[in-house]
Amino acid sequence: MVEFPDERQLVLRARSQLAQWTNSARRAAYAELFEGDDPILSPEEVQLLDALDSELERQGGDGVWGTDQYGIHTAGTSSSATSLGVVCVYHPQITRDSVLRGGDDLDDETEERLNAALWKYSERVATLIEAKLDEFVRQTRQ
């Protein structure tokens, strides 16, 4: 019988990979959602997000891209081969009263489209990270 690593150790080892998985997933999700054959925003809206990102970085903030945060969670059952998962713990959002507001000329409809796109992007990144996590668990438990 194969001895499975302690779940705590498995989580610690997976967390050590999280930054690498996140960077890779961000690139893939961005390409898929914003540069693919059927982008979720117009080129002008992507340029607007990029401009907001640059403006916020110049002001000393983190910008838009890269502020999303992810965590590894346990599903509470160590009997399952997929007891670990990934969740987005911070979705970037542009609001009037948030740090990510940017330019004052942003109308409500555009703000909503950008926020919906940022949400979808963050959720796609989480899904891609979880695929890497699942592969890591499979390899570790072989």
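The shown structure was predicted, so the numbers you read here are calculated from the model rather than taken from an experiment.

Undergrad: How would you summarise the pattern of salt bridges if you had to cite specific residues and measurements?
TA: Inspection of the entire model under this criterion finds six salt bridges. Ionic pairing is found between Arg 8 and Asp 6, a salt bridge with its closest N-O pair at 4.0 Å. Under the relative-accessibility criterion, Asp 6 is labelled partly exposed at 45%. Measuring nitrogen to oxygen at the nearest pair gives 3.0 Å for the salt bridge that ties Glu 135 to Arg 138. One end of the pair, Glu 135, and the other, Arg 138, are both in helix α3 (residues 108–140), three residues apart, so they sit about a helical turn from each other. Overlapping salt bridges bring together Glu 45, Glu 109 and Arg 113 as one network.

Undergrad: Describe the packing of helix α1 (residues 7–35) against α3, with residues and values.
TA: Close contact between α1 and α3 brings their axes to 7 Å; oriented N to C, the two are set at 135°. With respect to each other, α1 and α3 are oriented oblique. α3 is crossed by α1, and the crossing has right-handed handedness. Among the residues forming the contact of α1 with α3, the class breakdown is 18 nonpolar, four polar and six charged.

Undergrad: Account for the side chain of Asn 115, with residues named and values stated.
TA: Inspection of the secondary structure assignment puts Asn 115 in helix α3. In contact with Asn 115, not counting residues within four places along its chain, are Gln 93 and Ile 94.

Undergrad: Explain the packing of aromatic side chains to me, and be specific about the residues and the numbers.
TA: The geometry of an aromatic ring pair is captured by two quantities: the separation of the ring centres and the angle between the planes. Tallied over the full model, the rule gives six aromatic pairs. For the ring pair Phe 34 and Trp 65, a centre distance of 5.5 Å and an interplane angle of 70° mean the geometry is edge-to-face. On the criterion of sequence distance, the pair formed by Phe 34 in helix α1 and Trp 65 in the loop between α2 (43–58) and β1 (69–74) is long-range, its members being 31 residues apart. Through a chain of ring-to-ring contacts, three or more aromatic side chains come together here, namely Tyr 30, Phe 34, Trp 65 and Tyr 121.

Thresholds, definitions, all that
Residues numbered from 1 in each chain as written. Predicted model: local features only at pLDDT ≥ 70, side-chain atom pairs only at ≥ 80, totals over all residues. Heavy atoms only, no water. Salt bridge = Lys/Arg side-chain N within 4 Å of Asp/Glu carboxyl O. Buried < 20%, exposed > 50% of the residue type's maximum accessible area, 1.4 Å probe, protein only. Helix = DSSP H or I, 4+ residues; strand = E, 2+ residues; numbered from the N terminus. Axes fitted to C-alpha atoms, helices over the stretch in contact; angles between N-to-C directions. Parallel < 35°, antiparallel > 145°, perpendicular 65-115°, else oblique. Left-handed = near helix turned anticlockwise from the far one by under 90°. Nonpolar A, V, L, I, M, F, W, Y, C, P; charged D, E, K, R; others polar. Contact = heavy atoms within 4.5 Å. Phe/Tyr/Trp six-rings, centres within 6.5 Å; stacked < 30°, edge-to-face > 60°.

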